[in-house]
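Examination of the molecular architecture
One-letter residues, chain by chain:
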Amino acid sequence: MTIRLLIVDDDPLVRAGLTLMLGGAEDIEIVGEASDGDEVAQLALERRPDVVLMDIRMPRVDGLTATGTLRARPDAPEVIVLTTFHADEQVLRALRAGAAGFVLKDTPPAEIVSAVRRVAAGDPVLSPAVTRRLMARVAGAAAAPGDRTARARARLALLAEREREVAVAVGRGHSNAEISARLYLSVPTVKTHVSRVLAKLGLNNRVQIALLVHDAGLLDGPDGDVG
């Protein structure tokens, strides 16, 4: 399968470098480039990308706004945000808006290609270590921790027990295969549970599940009970 990719960055040199780097992969087709977030919605409609590589900081419409707009659509493309920071608060906001992960602009070319492939296959591009570091930043959000925890737990209470166990495992950064082994489920069954969790909670991807589980304070305990 050929992955259709849209590149969004206000720096023409960055766009050229990404196009050169990613266009050399046999399974990736660059279907368009945008220099600002206000161009993304129309280009995505016209070019139908599978994945959008999105800069965060742009002069007119930032990548966060553009990501939220895209991910609110039916059959939305996946979004990977580009950043120069490991733990930028804007990255967290982009993940909450529906981005599937992020890559640093100085990431080696092979890893960026791998990230595009992984996101196209439905996997987030956040390692467990990076997920934990990003989620730790949520603790400094504006909302009072008690309020945030109560809201997150109320949402997770909508899940069946097994779905909740799968959600906590996702929050800990485990892959479908690892969840399968830990919970004695088949991989297809794990995928079904993940899909149900996303649908019930109105979330876009596994990263958002992980953030919600973190907000609920369930990553320190051994069993993921909501209480």
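In the block above lies the structure referred to throughout.
These lines cover the structure that appears in this document, whether it is placed above or below. Just so you know, these numbers come straight off a predicted model, no measurement behind them.

A word on helix α5 (residues 109–120). Compared with the 16 Å implied by 1.5 Å per residue over 12 residues, the 17 Å span of α5 between its first and last C-alpha is a close match. Taken as a whole, α5 has its buried residues at Ile-112, Val-113, Ala-115, Val-116 and Val-119. Along the axis of α5, the buried residues cluster in a sector spanning 155°; they form a single face. Count one or two residues on from α5 and you reach Gly-122, which has phi positive near 100°.

The next subject is helix α9 (residues 176–183). Buried within α9 are the following residues: Asn-176, Ile-179, Ser-180 and Leu-183. Down the axis of α9, the buried set is contained in an arc of 105°. They therefore lie on one face. Residues Ala-181 and Arg-182 are exposed on α9 and point more than 90 degrees away from its buried face. Buried residues in α9 make contact with α8 (161–171), α10 (187–201) and α11 (206–215).

Under the defined criterion, the tally for this structure stands at 10 salt bridges. A salt bridge links Glu-33 to Arg-15; the nearest nitrogen and oxygen atoms lie 3.3 Å apart. Taken together, the positions of Glu-33 in strand β2 (residues 28–34) and Arg-15 in helix α1 (residues 12–23) put the pair 18 residues apart, joining distant regions of the chain. Overall, Glu-33 belongs to the partly exposed group, its relative accessible area being 37%. For Arg-15, a relative accessible area of 15% gives the class buried. For Glu-78, the salt bridge goes to Arg-71, with nearest N and O atoms at 3.7 Å. With relative accessibility at 21%, the residue Glu-78 sits in the partly exposed group. Taken together, the shared-partner salt bridges connect Asp-9, Asp-55 and Lys-105 into one network.

Reading guide: rules and limits
- Residues numbered from 1 in each chain as written.
- Predicted model: local features only at pLDDT ≥ 70, side-chain atom pairs only at ≥ 80, totals over all residues.
- Heavy atoms only, no water.
- Helix = DSSP H or I, 4+ residues; strand = E, 2+ residues; numbered from the N terminus.
- Expected span 1.5 Å × (residues − 1).
- Buried < 20%, exposed > 50% of the residue type's maximum accessible area, 1.4 Å probe, protein only.
- Arc of directions from axis to C-beta.
- Contact = heavy atoms within 4.5 Å.
- Salt bridge = Lys/Arg side-chain N within 4 Å of Asp/Glu carboxyl O.

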